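Remarks on the overall topology
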Amino acid sequence: MQGVSSNLSLKELYEIDEHLWLEETIKLLKANNLEELDVENLIEELENLGRRDKARVASLLEQVIRHLLLLQYWPEESQYNSGHWKAEIRSFRNQLKRNLTTNLYQFLENELPSIYEDALGYVNEKTEGKLNNLPQSCTYTLEQLLDINYLPEII
């Protein structure tokens, strides 16, 4: 294997220096030296990458929902915080726009009820349960949640 001590296998390199392992793996892929790949760890890394991407977009969408709920259903605080909440909504939507792929969009569609439930739990904790009018299921569509200009009617 080029660039790595002949005494060190790619599997051993993975345990010692993951970044160097990644560089060597990329070199092998580019050179089409597939027989030298550390397939087991490569599969693990690709699976982890997919999980990280899903967690990232789910977290960003949950943040959008949290702030929309606060903006829409907490008028006592909205007069002081609405500018901040709107800016946060925009920021999270911008990040989603940069990270969203077709597969991740479909993931969010499937996970929206669960993501909403998590956001609802957060808002209930933050408001100490004072908001009795929060919908128990998501009333926003994914398109609305991702639309940079969408804001709900204040209740």
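**Digging into the packing of aromatic side chains**
Inspection of every chain in the model, using the stated rule, returns 3 aromatic pairs. Between the aromatic rings of tyrosine 14 and tryptophan 21, the centroid separation amounts to 4.8 Å while the plane-to-plane angle is 75°, which identifies the pairing as edge-to-face. The residues tyrosine 14 and tryptophan 21 share a single accessibility class, namely buried. Here tryptophan 74 and tryptophan 85 contribute two aromatic rings whose centre-to-centre distance is 6.3 Å and whose plane-to-plane angle is 15°, an arrangement assigned as stacked. Taken as a pair, tryptophan 74 in the loop between α3 (39–73) and α4 (75–99) and tryptophan 85 in helix α4 lie far apart in primary sequence, 11 residues in all. For the pair shown, tryptophan 74 and tryptophan 85 are each scored as buried. Positioned over the ring face of tyrosine 122 is arginine 66, at 3.6 Å from the centre of the ring.

**A closer look at the packing of helix α2 (residues 18–30) against α3**
Contact geometry for α2 and α3: axes closest at 12 Å, N-to-C directions at 105°. As judged from the angle between their axes, α2 and α3 are roughly perpendicular. Between α2 and α3, the contacting residues are Glu18, Trp21 and Thr25 on the first element and Asn41, Leu42 and Glu45 on the second. Per-class residue counts for the contact of α2 with α3 are 2 nonpolar, 2 polar and 2 charged.

**Focus on α4**
The largest bend along α4 measures about 80° and falls at asparagine 81. Looking at the buried side of α4, the elements it contacts are α3, α5 (102–126) and α6 (142–146).

**Let's talk about unusual backbone geometry**
Backbone geometry places asparagine 32, a non-glycine residue, at a positive phi of 60°. Looking at asparagine 32, the relative accessible area reads 53%, which means it is exposed. Of note in the backbone geometry, glutamate 128 takes a positive phi value of approximately 55° without being a glycine. In this structure, glutamate 128 sits in the loop between α5 and α6. For glutamate 128, a relative accessible area of 62% gives the class exposed.

Conventions and cut-offs
- Residues numbered from 1 in each chain as written.
- Predicted model: local features only at pLDDT ≥ 70, side-chain atom pairs only at ≥ 80, totals over all residues.
- Heavy atoms only, no water.
- Phe/Tyr/Trp six-rings, centres within 6.5 Å; stacked < 30°, edge-to-face > 60°.
- Buried < 20%, exposed > 50% of the residue type's maximum accessible area, 1.4 Å probe, protein only.
- Helix = DSSP H or I, 4+ residues; strand = E, 2+ residues; numbered from the N terminus.
- Lys NZ or Arg CZ within 6 Å of the ring centre and 35° of its normal.
- Axes fitted to C-alpha atoms, helices over the stretch in contact; angles between N-to-C directions.
- Parallel < 35°, antiparallel > 145°, perpendicular 65-115°, else oblique.
- Contact = heavy atoms within 4.5 Å.
- Nonpolar A, V, L, I, M, F, W, Y, C, P; charged D, E, K, R; others polar.
- Bend = angle between axes of the 7 residues up to and from the residue.

Purely geometric stuff here, so don't read any function into it on its own.
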